[in-house]
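Architecture at a glance
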Amino acid sequence: MLYVFCLVFVLVTNIDLIEPSTTTCCKDGWLAYKGSCYMFYDENKVDWMEAVRYCKLHGSEIVVIESRLENIFLKYYARKLFNGKLTKNTTLFWLGASDSDIEGIWKWIVTDEELTYFDPNFMGDKTPDNHKDCLAMPGSYDFDWRDVPCTERLGYAICEIRASTDNNGTQIQIVGR
Ligand SMILES: [Ca+2]
Ligand SMILES: [Ca+2]
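Summary of the structure given here.

Rules used in this analysis
- Residues numbered from 1 in each chain as written.
- Chains lettered and ligands numbered in written order.
- Predicted model: local features only at pLDDT ≥ 70, side-chain atom pairs only at ≥ 80, totals over all residues.
- Heavy atoms only, no water.
- Helix = DSSP H or I, 4+ residues; strand = E, 2+ residues; numbered from the N terminus.
- Buried < 20%, exposed > 50% of the residue type's maximum accessible area, 1.4 Å probe, protein only.
- Donors = N, O, S within 2.8 Å, 3.2 Å for Na, K, Ca; no water.
- Salt bridge = Lys/Arg side-chain N within 4 Å of Asp/Glu carboxyl O.
- Tetrahedral: all angles 85-135°; square planar, octahedral: opposite > 155°, others 65-115°.

Glancing now at unusual backbone geometry. Residue Asp-112 is not a glycine yet carries a positive backbone phi of 60°. Relative to the helices and strands, Asp-112 is located in the loop between strand 5 (107-108) and strand 6 (134-138). Backbone geometry places Asp-142, a non-glycine residue, at a positive phi of 55°. Following the sequence through the fold, Asp-142 ends up in the loop between strand 6 and strand 7 (146-148). A relative accessible area of 31% places Asp-142 in the partly exposed class.

Below, the structure written as structure tokens:
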């Protein structure tokens, strides 16, 4: 019942495309946006697999970015976080995609599906590189996507509790809690 209420609320408040919504759907410390809940973990720098594990430990998954709006929202919030707390040039957020199975083929680890959306500023930098098999948003590139070595403790995690979507991109329910 709570989720039905939250869903209606989220749809009604979609006018504001960037600011997090103020519903109480998400746990404390999590941001609500278009039916998903997000948490920016920014305490200790971890490698990519540690970021994946960290999100699982917190009842979520490492973030899957499926749309331009979701990407804009996450970049916007990442930029907000280095206001006094993080140093932009040394801040990097891990995203949930890797091309470690087949070089140059990027897949989301959560769904095992190839990416259908790419940050527009990533395409030009997609030259396959075996040493850089994990996806991240580095502050030094103003949080545009970059491929980064997976095993270096370079960054923080963005975790997501996903909303499932139908073919029109409309939320139908929240998966998780
Ligand atoms: Ca997502
Ligand atoms: Ca690669």
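Let's shift gears to the coordination of the calcium ion (ligand 2). Taken together, Asp-99 (OD), Asp-99 (OD), Glu-103 (OE), Glu-103 (OE), Asp-129 (O), Lys-132 (O) and Asp-133 (OD) make up the full set of protein donors to the calcium ion (ligand 2), lying 2.4 to 2.9 Å away. Counting residues between consecutive donors of the calcium ion (ligand 2) along the chain gives the motif D-x3-E-x25-D-x2-K-D. Look at Lys-132 and you get partly exposed, because its relative accessible area is 33%. Residue classification places Asp-133 among the buried residues on the basis of a relative accessible area of 10%.

The next point concerns the pattern of salt bridges. Under the criterion given, the structure shown has 7 salt bridges. Measuring nitrogen to oxygen at the nearest pair gives 2.4 Å for the salt bridge that ties Arg-162 to Glu-66. Here Glu-66 lies in the loop between strand 3 (61-62) and helix 3 (68-81) and Arg-162 lies in the loop between strand 8 (155-161) and strand 9 (163-165), a separation of 96 residues in the sequence. Judged by its relative accessible area of 21%, Arg-162 falls in the partly exposed class. For Lys-75, the salt bridge goes to Asp-119, with nearest N and O atoms at 2.6 Å.

Ideal geometry at a metal centre gives angles of 109.5 degrees when four donors are arranged tetrahedrally and 90 or 180 degrees when six donors are arranged octahedrally. Protein coordination of the calcium ion (ligand 1) is provided by Val-64 (O), Glu-66 (OE), Glu-70 (OE), Glu-70 (OE), Glu-160 (OE) and Glu-160 (OE), with donor distances spanning 2.1 to 2.9 Å. Taken together, the 6 donor atoms surrounding the calcium ion (ligand 1) define angles of 50 to 137° at the centre, an arrangement classified as irregular. For the calcium ion (ligand 1), the donor residues sit on a single chain with the sequence spacing V-x1-E-x3-E-x89-E. A residue is classified by how much of its surface remains accessible, and Glu-70, at 6% relative accessible area, is buried.

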